[in-house]
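Coordinates in review
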Amino acid sequence: MQIFLLVLAVFFSSLGSTVLPGFYTRKNAGLRGESDLYNLCRHTGILLFWGVYYAFNFSFEAAVLPYCLLIALGYITCFWILDAMECGPVSLVSLFVSLSLVVSSLYGFFFWDVKVTAVAIVGLVLVVISLWLVLHKGKEQKPISKKWLLLVAIFFPGNAAYSIGQRAQQLAFHGDHKGQLMFFGLLITVIGALIRYLVRRKKGFDRIPAKTVVIPFAASVINGFYNLFVMTLATLPLSSSIIYPAIAVGSLAITSLFSFFVLKEKMKWWQWLGIAVGAVAVGLLSI
């Protein structure tokens with residue numbers, strides 16, 4: 001049962017965070033406003049999920065609200081993940097989403113009294129190697145666009161801020177008020193997504209095919225089940241040193257396979273090697 005739930009968590013993590021968004025961007029390539037619509041629909045769906053959870057696990061503490069703002073900031077900066085997928089490989093976007101873990105790990109070393117272990121040091125070294133490999137330009141290869149790098153620079157610390165905010169709140173309140181944290185954090189996020197949608201809509205949007213509009217709602221449902229699986233795993237005897245590395249590495253591996261076989265993304269061999277090294281780094285930093 002534990003292994004089955006872990007496999008589902010890995011699959012749902014990759015499907016909701018990168019596979020479906022990647023498929024959506026490729027299907028709607030060149031259409032204006034597709035990422036704004038996706039972000040609004042997806043986060044509205046996730047808000048509904050946490051709204052139901054919060055209704056059955058109601059609690060309120062004013063001191064939690066600053067943490068809600070922090071994770072909302074993280075969610076909002078991650079709006080640019082889809083924009084990055086539009087102008088770069090989905091597999092590399094997935095890698096940088098996963099490598100944002102290094103920021104939260106460094107934060108833990110300095111502020112949460114997390115011990116710096118030999119495993120963590122090896123993981124950090126592998127992060128540097130991974131980044132060098134994926135960003136390295138060969139003699140006949142065009143460099144990664146400045147626009148893509150700028151988008152990564154936006155969502156990379158944002159994704160880390162979400163992770164840090166969630167972890168910090170749980171430590172400060174001994175695991176309580178998770179429903180309040182996620183509900184109000186996502187409420188602020190949806191307001192941000194709506195404002196972004198309305199502002200950018202003034203520049204003109206293309207009509208998004210109805211069959212692809214279903215995708216962000218499907219991603220939100222999958223995200224809800226993923227969180228449910230992770231919360232269930234946390235109550236089982238399976239060690240967290242197995243759960244989180246498995247989810248992190250498995251999700252990146254599935255996305256990379258999807259990128260290569262389904263999206264037919266072409267990269268140099270050293271970039272694929274960089275993704276593999278990055279997956280090992282993420283696994284080590286998750287222990």
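Residues numbered from 1 in each chain as written. Predicted model: local features only at pLDDT ≥ 70, side-chain atom pairs only at ≥ 80, totals over all residues. Heavy atoms only, no water.

Quick look at the overall build of the protein now. Broken down by element type, the protein carries 12 helices and zero strands. A compact globule built from 287 residues should have a C-alpha radius of gyration of about 19 Å, and the protein, at 19 Å, falls within 12% of that. Expressed along its principal axes, the backbone C-alpha trace of the protein runs to roughly 55 × 50 × 35 Å. Looking at the 287 residues of the protein, the share that counts as buried comes to 51%. Restricting to contacts in the protein with at least 6 residues of sequence separation, those with at least 24 account for 87%. Put simply, the protein shows about 14400 Å² of open surface, and 71% of that area lies on carbon and sulfur atoms. (Helix = DSSP H or I, 4+ residues; strand = E, 2+ residues; numbered from the N terminus. Rg over C-alpha atoms; globule rule 2.2 N^0.38 Å. Buried < 20%, exposed > 50% of the residue type's maximum accessible area, 1.4 Å probe, protein only. Contact = heavy atoms within 4.5 Å. Areas by Shrake-Rupley, 256 points an atom, 1.4 Å probe, with all protein chains shown as cover.)

Ranked by internal contacts, the top residues of the largest apolar core, which has 75 residues, are V93, F155, M182 and I247. The greatest single-element share of this core, amounting to nine residues, is contributed by helix α1 (residues 2-27). Each residue touching M182, except ones within four places of it in the same chain, is listed here: W50, I71, Y75, Y162 and Q166. (Core = buried A, V, L, I, M, F, W, Y, C linked by side-chain atoms within 4.5 Å.)

Glancing now at unusual backbone geometry. A positive phi is found at H177, a non-glycine position, where the angle reads about 65°. Checked against the element boundaries, H177 lands in the loop between α8 (146-172) and α9 (178-201). By relative accessible area, which is 17% here, H177 ends up buried. Although it is not a glycine, K264 adopts a positive phi angle of roughly 60°. Here K264 lies in the loop between α11 (240-261) and α12 (269-286).

Using the criterion set out here, one finds five salt bridges in the structure. With a shortest N-O distance of 3.2 Å, D206 and R32 are connected by a salt bridge. Highlighted residues: D206 in the loop between α9 and α10 (210-234) and R32 in the loop between α1 and α2 (34-56), separated in sequence by 174 residues. For R32, a relative accessible area of 44% corresponds to the partly exposed category. Here R196 makes a salt bridge to D83, at a shortest N to O gap of 2.9 Å. Within this pair, whereas R196 is found in helix α9, its partner D83 is found in helix α4 (residues 80-87), the two being separated by 113 residues in sequence. One salt-bridge network, held together by shared partners, links D36, D83, R196 and R200. (Salt bridge = Lys/Arg side-chain N within 4 Å of Asp/Glu carboxyl O.)

Nonpolar side chains collect at one region of the surface, where V116, I121, V125 and I129 lie side by side and expose about 330 Å² of accessible area between them. Examined against the element boundaries, V116 turns out to sit in the loop between α6 (101-111) and α7 (118-135). The class for V116 is exposed, based on a relative accessible area of 51%. (Patch = residues over 30% accessible without salt bridge, like charges linked within 9 Å, V, L, I, M, F, W, Y side chains within 5 Å.)

Position of S256 relative to the elements: it lies in helix α11. Counting along the chain gives 65 residues from S256 to I191, while the straight-line C-alpha distance between them is 32 Å. Residues within four places of S256 in sequence aside, it is in contact with S91, W272 and I275.

Right, let's talk about the packing of aromatic side chains for a bit. Considering all chains together, one arrives at 22 aromatic pairs under this definition. When the ring of F183 is compared with that of F184, the centres are 5.2 Å apart and the planes differ by 80°; the resulting orientation is edge-to-face. The exposure class assigned to F184 is partly exposed, which follows from its relative accessible area of 22%. The rings of Y54, F58, F60, F183 and F184 are connected pair by pair, giving a single aromatic cluster. Between R196 and the ring centre of W80, over which it is positioned, the NZ or CZ distance is 4.5 Å. (Phe/Tyr/Trp six-rings, centres within 6.5 Å; stacked < 30°, edge-to-face > 60°. Lys NZ or Arg CZ within 6 Å of the ring centre and 35° of its normal.)

This paragraph deals with the side chain of S91. Note on placement: S91 falls in helix α5 (residues 90-99). Of the residues examined, S91 reaches a relative accessible area of 0% and is grouped as buried. Within polar-contact distance, the side chain of S91 engages the side chain of S259 at 3.3 Å. Ignoring sequence-local partners within four residues, the contact set of S91 consists of L252, S256, S259, E265, M267, W272 and I275. (Polar contact = N/O pair within 3.5 Å; in protein donor to acceptor, adjacent residues only side chain to side chain.)

It is worth spelling out the packing of α5 against α12 at this point. Orientation of α5 relative to α12, taken along the N-to-C sense of each, is 25°, at an axis distance of 10 Å. Considered as vectors, α5 and α12 are oriented roughly parallel to each other. Every pair of crossing elements has a handedness; the one defined by α5 and α12 is left-handed. Taking contact as the criterion, the partners of S91, L92, L95, S98 and L99 in α5 are, on α12, Q271, W272, G274, I275, G278 and V282. Its residues assigned to classes, the contact of α5 with α12 shows six nonpolar, five polar and no charged. (Axes fitted to C-alpha atoms, helices over the stretch in contact; angles between N-to-C directions. Parallel < 35°, antiparallel > 145°, perpendicular 65-115°, else oblique. Left-handed = near helix turned anticlockwise from the far one by under 90°. Nonpolar A, V, L, I, M, F, W, Y, C, P; charged D, E, K, R; others polar.)

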